[in-house]
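So the chains spell out like this:
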Amino acid sequence: MPNRPIENIVIVGGGTAGWMTAAALSHMLSGQKYAIHLVESEEIGTVGVGEATVPHIRFFNQKLGFDEADFMAKTKATFKLGIEFCNWGRASDSYIHPFGAFGESIGGVAFHQHWARMQRASGGHPIEDYSLPVMAARAGRFAYPAEDPDSLLSTYSYAFQFDAGLYAKYLCAYAEERGVKRHEGKIIDVALEPESGFVQSVQMDNGTSLSADLFVDCSGFRGLLIEGALQSGYENWQHWLPCDRAVAVPCATAGPLTPYTRATAQDAGWIWRIPLQHRVGNGHVYCSNYISDDVAAATLVDQLESAPLAKLNQLRFVTGKRREQWSKNVVAIGLSAGFLEPLESTSIHLIQLAIGRLLEFFPDQSWDPALASEYNRLMDLEYERVRDFLILHYHATERDDTPFWNYVRTMPIPDSLTHKINMFRERGVVVNYRDGMFLDASWIAVYLGQRVIPQNNDPLGEAIPEADLLAKFDRLRSDCHIAAQGLATHADFIRQIGAHAH
Ligand SMILES: Cc1cc2nc3c(=O)[nH]c(=O)nc-3n(C[C@H](O)[C@H](O)[C@H](O)COP(=O)(O)OP(=O)(O)OC[C@H]3O[C@@H](n4cnc5c(N)ncnc54)[C@H](O)[C@@H]3O)c2cc1C
């Protein structure tokens, strides 16, 4: 093991992962002895379709000191209040998974417990009528959440939808200003130290050789260092998440600017719709066992709201993760670390988490193996928890109209998820995951949206008379409706805060 101070860091790859890492390290390590280099290859290019995010990205941007309106204008970003899932539980269903809660607890008992009790007793309104972010999303409206915890306007959060290529450029300008040195060209060879097996240097096609103490592998699906050089191994999760291909294409916006992403289930996968300021991103994620590339592409093009603005972009992937995301002196971040399909827009968040963990366990010259092992343990947990949440969307379905849906509906699922679903179905209990990114409200949204309705409810809620509950429900529903209608339209709000692209 090399016993010298860590001074040189090389980041391999300049996609979203590479530039997020470069920006964060240049900010957090500024004023210290580190030199940071980043290598990217225009010829190889980036995946560049990561356009929808989760609210945590705001904290990443804030930490770097970005001005939100400036960032939105430069990346042509829109606000995102959640994801609409169409045709998932049944072929004509629609529900929104909002970045916010449904209702409020009554008598110390969670709202969804009361809602399920009233549904069983007398039916009633869908749970989304008790969520301001869902009402606002459906009305195409947006406002910043309020800080006053007593305000209904404080019951949600928000994320962004943006042009990933422009975000990488934005981060690149920031990182270069803080001393990150960018190298354009292709890495053609990787040299290992004979004794330790640590990566010593990378050799570029223009003759440059870059050596470093720490390498961050952001080279995308190929995992140039983590797999190519160190053979970390890959845990394949396709038996649970069988989609393995995507075809993507942008088109012009045909209607009002919607503040949410849409995921519409298809015969053998699903289609995303991500509205940006200047265009709509679309893509069909599908399983090649059940549908050909040509039919998948035609299905996507048929459902576009306007003519395609570019050539179709075909992508292949294997869902899963590296067995070790940190091996020797290489930490893999982004697609080189693993891939979970974009159904809940989690990839960029996993990049953010990985950067945070790398900074938390930043190595020194002792290269204490406990640091890498704790990093790997925590990242494994994060990936597994996102994985389980994604599997829920496929498995909790009543669809039996195609071989794909029959497979996912009946496939064996991880024990951890079976337990969670059973607890919710039995008694509305949301089994908590420590460290997972999705909180109770998200699980509740997907369970109920996909018809996993509790069969019994918390007996502590029974003491509240049904008439009292109904009165509270009516008031809450009306408050959500009035508040949503009082907000500016999404497009107007973006203009009002000066976040529109010039
Ligand atoms: C179909 C699809 C849809 C997605 N949608 C979303 C979404 O909505 N939200 C979300 O959060 N995420 C999404 N993602 C994931 C997201 O795109 C990625 O997590 C994100 O773009 C990070 O990619 P990356 O930087 O790891 O890899 P890449 O974008 O592939 O970048 C790899 C970099 O490495 C460089 N490189 C590779 N090999 C070499 C070499 N030999 N020499 C020099 N340089 C090299 C490349 O030039 C490039 O700069 C989606 C992914 C897919 C496949």
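Quick notes on the rules
- Residues numbered from 1 in each chain as written.
- Predicted model: local features only at pLDDT ≥ 70, side-chain atom pairs only at ≥ 80, totals over all residues.
- Heavy atoms only, no water.
- Helix = DSSP H or I, 4+ residues; strand = E, 2+ residues; numbered from the N terminus.
- Rg over C-alpha atoms; globule rule 2.2 N^0.38 Å.
- Buried < 20%, exposed > 50% of the residue type's maximum accessible area, 1.4 Å probe, protein only.
- Areas by Shrake-Rupley, 256 points an atom, 1.4 Å probe, with all protein chains shown as cover.
- Lys, Arg positive; Asp, Glu negative; His and termini not counted.
- Charge placed at Lys NZ, Arg CZ, Asp CG, Glu CD.
- Near = heavy atom within 4 Å.
- Polar contact = N/O pair within 3.5 Å; in protein donor to acceptor, adjacent residues only side chain to side chain.
- Nonpolar A, V, L, I, M, F, W, Y, C, P; charged D, E, K, R; others polar.
- Contact = heavy atoms within 4.5 Å.
- Salt bridge = Lys/Arg side-chain N within 4 Å of Asp/Glu carboxyl O.

*Asks:* Describe in detail the overall build of the protein, supporting the description with residues and values.
*Replies:* Across its full length, the protein carries 15 helices and 23 strands. Here the protein has a C-alpha radius of gyration of 23 Å; the compact-globule value for 502 residues is 23 Å, and the two agree. When its C-alpha atoms are laid out on the principal axes, the protein stretches across 75 × 50 × 50 Å. When each of the 502 residues of the protein is scored for burial, the buried share is 57%. For the protein, the accessible surface area stands at approximately 20,200 Å², while carbon and sulfur atoms represent 50% of it. In the protein, 43 positive and 59 negative side-chain charges are present, and the distance between their average locations comes to 2 Å.

*Asks:* Residue-level account of the site of the ligand, with values.
*Replies:* Close to the ligand lie 36 residues, the nearest being G14, A52, I187, L335 and I348. Between an oxygen atom of the ligand and a side-chain N or O atom of T16, the distance comes to 3.3 Å. About the coverage of the ligand: the protein hides 98% of its 1,000 Å² of free accessible area. Listing elements by their share of the shell around the ligand, those giving two or more residues are α1 (16-28), β16 (269-275) and α9 (347-360). Here the shell around the ligand gets 3 residues from one element, more than from any other, and that element is α9. For the shell around the ligand, the residue count by class is 18 nonpolar, 14 polar and 4 charged.

*Asks:* Let's hear about helix α5 (residues 132-139): which residues, and what values?
*Replies:* Burial runs high along α5: 6 of the 8 residues are buried. Those residues of α5 that sit buried are L132, P133, V134, M135, A136 and A137. Structurally, α5 contributes buried residues whose contacts are with β5 (94-98), β6 (141-142) and α14 (466-485). Of the residues trailing α5, G140 is marked for its positive phi of about 70 degrees.

*Asks:* Tell me about unusual backbone geometry, residues and numbers included.
*Replies:* Note: most residues except glycine have negative phi, and most peptide bonds are trans. With a phi close to 45 degrees, Q231 is a non-glycine residue in the positive phi region. Among the structural elements, Q231 can be located in the loop between α7 (224-229) and β13 (234-236).

*Asks:* Break down helix α3 (residues 68-75) for me, citing the residues and quoting the values.
*Replies:* Of all 8 residues making up α3, 6 are buried, and the element is well covered by its neighbours. Buried residues along α3 sit against α2 (57-63), β3 (78-80), β7 (159-161), α6 (164-177) and α15 (490-496).

*Asks:* Explain the side chain of R58 to me, using residue names and the numbers behind them.
*Replies:* Mapping R58 onto the fold places it in helix α2. Despite its burial, R58 pairs with no opposite charge; the closest candidate is E68, at 4.6 Å N-O. From its side chain, R58 meets the backbone oxygen of Y158 in a polar contact 3.2 Å long. Among all residues touching R58, those that are not within four sequence positions of it are E68, S157, Y158 and F160.

In short, geometric facts, not functional conclusions.
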